[in-house]
Amino acid sequence: MNNKEKPIGFFDSGVGGISVLKESLKVLPSEDFVYFGDSLNAPYGTKNVNEVRKLTFNAMDFLLSKGVKVVVIACNTATSAAIDALRQKYTDIPIIGIEPALKPAVEISKGKSIIIMATPMTLSEKKFSNLMDKYDKEVNIISLPCAGLVELIEDGITEGHQIEEYLRDKLKKFMYLDVACIVLGCTHYPFIKNELIKIVGEKTTIIDGSVGTVNQLKRQLASNNLLNEKKTKGTVTVYNSLNNKQIIDLSYKLLRL
Ligand code: DGL
């Protein structure tokens, strides 16, 4: 098999990265994808950094054993904890990470407030404070750690009263603010976007990092001469450390949503 025909590896702490994979299928329809979700160890966002780094290295080795040509760390938490260390160790393969889409949010906020929902780890890591330093003089940016939300989504709960109550409780103290934009800084959260719209209304823009990440993936494939040139539709194979039918079924269900 030549390198162009190899699959693209995707990794997340669980089913969240499926939201990024979904966007990739639109942009790169003839690529093959191998997705690995580490639901056995999810959530990552409330663990310590060394633990997340170790788990991310294990996931990387698993994807490499599947013969991937590039890896997307489709997890904001794992990206913030491990991307630099990964790139230092695995120098032969392009590695793409994801980060909260603060730049596009600032561009559309026109001086109004921005809320960033993400895991506690993403919001406390250096990568995020560097990002904040760039933009928080221009606009009021509120960091909103959302411990507990990933667990609900991992259980397949993406709508209904539990999600609604969780979000209402989290957002109630910001309701008086003129919020232009909510940034979903965790790849699990796009799956609860409809519930979020019900609470904040249609005029608040909700954005996530998947479009930027997929554009970066495409650029990396092109510049490394790795784009698959076949004319037929690619395949998606999902693996999960939980290794049961329920989580694999949930992954494919979220992919079709
Ligand atoms: N999808 C992961 C992210 O983007 C969730 C991390 C977690 O497992 O807490 O941050």
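Structure shown above.
As a starting point, this report considers the structure included with it. (Residues numbered from 1 in each chain as written. Predicted model: local features only at pLDDT ≥ 70, side-chain atom pairs only at ≥ 80, totals over all residues. Heavy atoms only, no water.)

### Concerning the overall build of the protein chain
Counted only if it meets this: Strands are runs of DSSP state E lasting at least 2 residues, helices are runs of H or I lasting at least 4, and numbering of each runs from the N terminus. We compute the radius of gyration from the C-alpha atoms alone; for a globule the expected value is 2.2 Å times N to the 0.38, where N is the number of residues. A contact between two residues is defined here by any heavy atoms of the two lying within 4.5 Å. Accessible areas in this description were obtained via Shrake-Rupley with a 1.4 Å probe; residue shielding takes into account the shown protein chains only. Charged residues are defined narrowly, with Lys and Arg counted positive, Asp and Glu counted negative, and His plus the chain ends left uncounted. By convention, charge coordinates are those of NZ in Lys, CZ in Arg, CG in Asp, or CD in Glu.
What the protein chain contains, in helices and strands, is eleven helices and nine strands. Against the 2.2 N^0.38 benchmark of 18 Å for 257 residues, the protein chain shows a C-alpha radius of gyration of 18 Å, consistent with a compact globule. Dimensions of the protein chain, computed from the C-alpha atoms along their principal axes, are close to 60 × 40 × 40 Å. Contacts in the protein chain between residues at least 24 apart in sequence constitute 79% of all its contacts with a sequence separation of at least 6. Accessible surface for the protein chain amounts to roughly 12100 Å². Of this, 50% is attributable to carbon and sulfur atoms. In the protein chain, 33 side chains carry a positive charge and 29 a negative one; their mean positions are 4 Å apart.

### Regarding the packing of aromatic side chains
Rules: Ring geometry is summarised as follows: Phe, Tyr and Trp rings, the Trp one being its six-membered ring, pair when their centres sit within 6.5 Å, and such pairs are stacked at plane angles under 30 degrees, edge-to-face over 60 and tilted between the two. Only protein chains enter the accessibility calculation, which uses a 1.4 Å probe; a residue whose area is less than 20% of its type maximum is buried, one above 50% is exposed, and one in between is partly exposed.
Scanning all chains against the criterion turns up six aromatic pairs. Ring plane angle 45° and centroid distance 5.9 Å describe the contact between phenylalanine 57 and tyrosine 90, whose orientation is recorded as tilted. Within this pair, whereas phenylalanine 57 is found in helix α2 (residues 49-65), its partner tyrosine 90 is found in the loop between α3 (76-89) and β4 (95-96), the two being separated by 33 residues in sequence. Each of the two residues, phenylalanine 57 as well as tyrosine 90, counts as buried. Among the aromatic residues, those joined into a ring-pair cluster are Phe11, Phe36, Tyr44, Phe62 and Tyr239.

### Structural notes on the sheet that holds β4
The condition that has to hold: Think of it this way: DSSP has to see at least two bridges between two strands before they count as a pair. Lines fitted to C-alpha atoms define the axes, with helix axes restricted to the stretch in contact, and inter-axis angles between N-to-C directions lie between 0 and 180 degrees.
With respect to topology, five strands assemble into an open sheet ordered β4-β3-β1-β2-β9, the strand pairing being parallel. Every other strand in the sheet has two partners, leaving β4 and β9 (236-240) as the edge strands with one partner each. Where strand β2 (residues 33-37) and β9 come together, five bridges link them in parallel fashion. Directly across from glycine 37, in β9, lies its bridge partner asparagine 240. Along the sheet, α2 makes contact with β1 (8-12), β2, β3 (70-73), β4 and β9, crossing β1 at roughly 155°.

### Quick notes on the site of the ligand
Our working definition: One heavy atom within 4 Å of a molecule or strand makes the whole residue count as near it. Think of a polar contact as two N or O atoms within 3.5 Å of one another; within protein, one of them needs to be a possible hydrogen donor and the other a possible acceptor, and neighboring residues in sequence only count if both atoms come from side chains.
Among the 13 residues in the neighbourhood of the ligand, the closest are listed as Ser13, Tyr44, Gly45, Thr77 and Thr187. A distance of 2.7 Å separates an oxygen atom of the ligand from a polar backbone atom of tyrosine 44. Take threonine 187: an N or O atom from its side chain is 2.8 Å from a nitrogen atom of the ligand. Taken by itself the ligand offers 300 Å² of open surface, and the protein chains cover 99% of this.

### Some points on the sheet that holds strand β5 (residues 113-118)
Pairing is parallel in the open sheet, where four strands are placed in the order β6-β5-β7-β8. The sheet is open, and its two borders are formed by β6 (141-145) and β8 (205-208), each paired with just one other strand. Between one strand axis and the next, the sheet turns by 20° as a mean value, whatever way the strands run. Alignment of β5 against β6, held across five bridges, turns out to be parallel. In the strand pairing of β6, isoleucine 114 is matched with isoleucine 141.

### Considering the pairing of β1
The element β1 is extensively covered by neighbouring structure, given that five of its five residues are classed as buried. The alternating pattern of β1 places Ile8, Phe10 and Asp12 on one face and Gly9 and Phe11 on the opposite face, and all of these are buried. Pairing of β1 with β2 involves five bridges; the strand directions are parallel. Looking at β2, one finds that aspartate 12 is bridged to glycine 37. As paired elements, β1 and β3 share four bridges and run parallel to each other.

### Quick word on the nonpolar core
Put simply, the test is: Here, nonpolar core refers to any group of buried Ala, Val, Leu, Ile, Met, Phe, Trp, Tyr and Cys residues whose side-chain atoms link them within 4.5 Å.
Membership of the largest hydrophobic core comes to 48 residues, with the highest contact counts inside it found for Phe10, Met117, Leu149, Leu167 and Tyr189. If sequence neighbours within four positions are ignored, tyrosine 189 has contacts with Met117, Ala118, Thr119, Cys146, Leu149, Val150, Ile153 and Leu184. Core analysis: the next-biggest nonpolar cluster, separate from the first, contains 23 residues, Tyr44, Phe57, Ile93 and Ile95 among them.

### Some words on the pattern of salt bridges
Keep this limit in mind: By salt bridge we mean one thing: a side-chain nitrogen of Lys or Arg within 4 Å of a carboxyl oxygen of Asp or Glu.
Applying the stated criterion to the full structure yields twelve salt bridges. Between lysine 69 and glutamate 31 there is a salt bridge, with the nearest N and O atoms lying 2.7 Å from each other. In this pair, lysine 69 sits in the loop between α2 and β3 while glutamate 31 sits in the loop between α1 (18-27) and β2, placing the two residues 38 residues apart along the sequence.

### Details of the side chain of lysine 69
Given the relative accessible area of 5%, lysine 69 is considered buried. In terms of polar contacts, lysine 69 uses its side chain to reach the backbone carbonyl oxygen of lysine 4, at 2.8 Å. Within polar-contact distance, the side chain of lysine 69 engages the side chain of glutamate 31 at 2.7 Å. Not counting the four nearest positions on each side in its chain, lysine 69 is found in contact with Asn3, Lys4, Lys6, Pro7, Ile8, Glu31, Ile93, Pro94, Leu221, Leu226, Leu227 and Asn228.

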